[in-house]
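# Fold and geometry: a report
So you can see what is in the structure, the chains are spelled out below.
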2 protein chains.
Amino acid sequence: MTNYNCTNCDSQITSNEQAMLVLEKAGVRATAPRIILLCLLHCKGTPCHMTAEKLYEKSIIADSKVSLATVYNTLRTFTAAGILREVNTDSSRVYFDTNVSDHHHFYNERTGELADINENLLQGIKLPPLPAGSKLQSIDLMIRIRS
Amino acid sequence: MTNYNCTNCDSQITSNEQAMLVLEKAGVRATAPRIILLCLLHCKGTPCHMTAEKLYEKSIIADSKVSLATVYNTLRTFTAAGILREVNTDSSRVYFDTNVSDHHHFYNERTGELADINENLLQGIKLPPLPAGSKLQSIDLMIRIRS
DNA sequence: ATACCTGCAAAGTCTTTGCAATCAA
DNA sequence: TTGATTGCAAAGACTTTGCAGGTAT
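Source: prediction; values computed, not measured. (Residues numbered from 1 in each chain as written. Chains lettered and ligands numbered in written order. Predicted model: local features only at pLDDT ≥ 70, side-chain atom pairs only at ≥ 80, totals over all residues. Heavy atoms only, no water.)

All right, on to the packing of helix α2 (residues 32–41) of chain B against helix α4 (residues 68–81) of chain B then. Residues and elements named next belong to chain B. For the pair α2 and α4, the least separation of the axes is 10 Å and the interaxial angle reads 75°. One way to sum up the angle between α2 and α4 is to call them roughly perpendicular. Contacts between α2 and α4 involve P33, R34, L37, L38 and L41 on the former and, on the latter, T70, V71, T74, L75, T77 and F78. Here the contact of α2 with α4 is built from residues that sort into 7 nonpolar, 3 polar and 1 charged. (Axes fitted to C-alpha atoms, helices over the stretch in contact; angles between N-to-C directions. Helix = DSSP H or I, 4+ residues; strand = E, 2+ residues; numbered from the N terminus. Parallel < 35°, antiparallel > 145°, perpendicular 65-115°, else oblique. Contact = heavy atoms within 4.5 Å. Nonpolar A, V, L, I, M, F, W, Y, C, P; charged D, E, K, R; others polar.)

The next subject is the sheet that holds strand β3 (residues 94–97) of chain B. Residues and elements named next belong to chain B. Taken in spatial order, the 3 strands of this open sheet run β1-β3-β2, and their pairing is antiparallel. The sheet terminates laterally at β1 (49–50) and β2 (85–88), the two strands that pair on one side only. Bridge count between β2 and β3: 4 bridges; the pairing is antiparallel. Bridging across to β3, E86 finds its partner in F96. (Pairing = 2+ DSSP bridges.)

We now examine the relation of the copies chain A and chain B. Its rotation angle being 180°, the transformation that places chain A on chain B also includes 0.0 Å of axial translation and leaves an RMSD of 0.1 Å. Here the symmetry operator amounts to a two-fold rotation axis. Interface overlap between copies is the fraction of interface residues in one copy that are interface residues in the other; for chain A against chain B it reaches 100%, indicating a shared surface. (Least-squares fit on C-alpha atoms with pLDDT ≥ 70 in both.)

Our focus in this paragraph is helix α1 (residues 16–26) of chain B. Two residues of an α-helix separated by three or four positions point the same way, owing to the 3.6 residues in each turn. All names here are of chain B. Taken together, the buried positions of α1 are occupied by N16, A19 and L23. Along α1, the residues classed as buried sweep out an arc of 60° about the axis, all on the same side. Looking at α1, the residues exposed on the side facing more than 90 degrees away from the buried face are E17, L21, E24 and K25. Where α1 is buried, its residues meet α2 and α4. Phi turns positive, to about 80°, at G27, one or two residues after α1. (Buried < 20%, exposed > 50% of the residue type's maximum accessible area, 1.4 Å probe, protein only. Arc of directions from axis to C-beta.)

All names here are of chain A. Between its first and last C-alpha atoms helix α4 (residues 68–81) spans 20 Å; for 14 residues at 1.5 Å apiece the expected length is 20 Å, and the two agree. Within the span of α4, buried status applies to V71, T74, L75 and F78. The buried residues of α4 occupy one face: seen down the axis, they fall within an arc of 105°. Considering only its buried residues, α4 is in contact with α1 (16–26), α2 (32–41), α3 (52–61) and β3 (94–97). (Expected span 1.5 Å × (residues − 1).)

This next bit is on the protein's contact with DNA strand C. In the region of DNA strand C, 18 residues are neighbours, and Y72, R76 and S92 of chain A together with T31 and T70 of chain B sit closest. Each atom of DNA strand C within 4 Å of the protein belongs either to a base or to sugar and phosphate, the latter forming 80%. The contact in question runs from a phosphate oxygen of DNA strand C to an N or O atom on the backbone of V94 of chain A, over 3.2 Å. Note that a phosphate oxygen of DNA strand C is positioned 3.1 Å from one of the side-chain N or O atoms of R34 of chain B. Contributions of two or more residues to the surface near DNA strand C are made by α4 of chain A together with α2 and α4 of chain B. (Near = heavy atom within 4 Å. Polar contact = N/O pair within 3.5 Å; in protein donor to acceptor, adjacent residues only side chain to side chain.)

Attention now goes to the interface of chain A and chain B. Think of interface size as the accessible area that goes away when the parts come together; that is how it is often given. Facing the 34 residues of chain A at the interface are 34 residues of chain B. Both faces combined, the contact of chain A with chain B buries some 2,800 Å², and carbon together with sulfur accounts for 62% of it. Interface area lost by chain A to chain B is led by S91, P128 and R144 of chain A, which between them contribute 18%. For the pair chain A and chain B, the number of links is 2 salt bridges. Of the charged contacts in the structure, one is a salt bridge between D140 of chain B and R144 of chain A, with a shortest N-O distance of 2.9 Å. Counting every contact that joins chain A to chain B gives 10 residue pairs in polar contact (both at pLDDT 80 or more). Residue assignment for the side of chain A that touches chain B shows that the elements contributing at least two residues are β2 (85–88) and β6 (135–146) of chain A. Looking at the side of chain A that touches chain B element by element, the count peaks at 12 residues for β6 of chain A. Partitioned by chemical class, the residues of the side of chain A that touches chain B number 17 nonpolar, 8 polar and 9 charged. (Buried area = accessible area lost by both parts, 1.4 Å probe. Salt bridge = Lys/Arg side-chain N within 4 Å of Asp/Glu carboxyl O.)

Right, let's talk about the domain arrangement of chain A for a bit. Residues and elements named next belong to chain A. Domain boundaries in chain A define domain 1 (16–97) and domain 2 (104–145). Placing the centre of domain 1 and that of domain 2 at their C-alpha centroids yields a distance of 23 Å. Counting from both sides, the interface comprises 10 residues of domain 1 and, opposite them, 9 residues of domain 2. Together domain 1 and domain 2 conceal approximately 770 Å² of surface at their shared face, both sides included; 48% is due to carbon and sulfur atoms. If you sort the residues of domain 1 by the area they bury against domain 2, H49, R85 and T89 come out on top, with a joint share of 52%. Summed over the shared surface of domain 1 and domain 2, the number is 1 salt bridge. Between D140 and R85 there is a salt bridge; the shortest N-O distance is 3.7 Å. Applying the counting criterion to the domain 1 and domain 2 interface returns 7 residue pairs in polar contact (both at pLDDT 80 or more). Breaking the side of domain 1 that touches domain 2 down by element, the ones donating at least two residues are β2 and β3. (Domains from an automatic or database assignment.)

Shown next, in the form of structure tokens:
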């Protein structure tokens, strides 16, 4: 199979073999489109917050076009598998974050830029009791700014 | 002008006159559709988290139909004027919250339910420095749950 | 008088889906 | 082999917009 790596990858995922391992470990079948997209998501030049459309364009530029529908489906699959995290800002677009560890975000309402906050601001805060019969999924903290 | 109040209003906004005052104070022109919608938003039976579609239906039921486009536009106008707050959950819908004071939310990812958390969990947390040249707009904390 | 607002229908944006062909295990 | 996956185009959900007529100040 052709090598779908972006030539510009950082240390995270630098080969198809590595991508296949990540996919396998996450329990999703390693198909060509998924390997392409995973590599593109972890390229050095790729911001960790991507939209479907941007990733689609990236695949075209990389000469490894994956259909837009598949990009959408794959992003959902990756999110369900835990190798991406969905970030909601203002309903006009969904971002997918390659950083799946606990962290928060700055969101610039004017530019649409999203930036990670890696320090855990919520250490030591006391959560209110959850509604009866519900279980915690995640805690999202977003600091909205304007420039 | 006909009285557009929901018969079921709680103490917040119980008359058109009161609605007009709120609108005027917020700096938005008091028009019939806006008075209708403001009253409906502050009805006793109305949850404080509403979508455009739900509010539209409510206006039809109340026999004071406001066009869907106007509902959308009015919700945006109210938000810009500070008498509503936008809450983003999962990109499929936008909620508008009649509670504009500082508070947080539970969001049930399965049911789509949104609930207020009125205690301020963020008292005493230390914010990271904002990106250069930006100013704080708001801090959103959402606790995602599933039942 | 004048700038703003409304309703309607049409258009727009982002995302999902149906289906036949293709692929991984 | 067999169920999962892909691409395409079409459909879908939610929201915004253009415009002619109406309204608040």
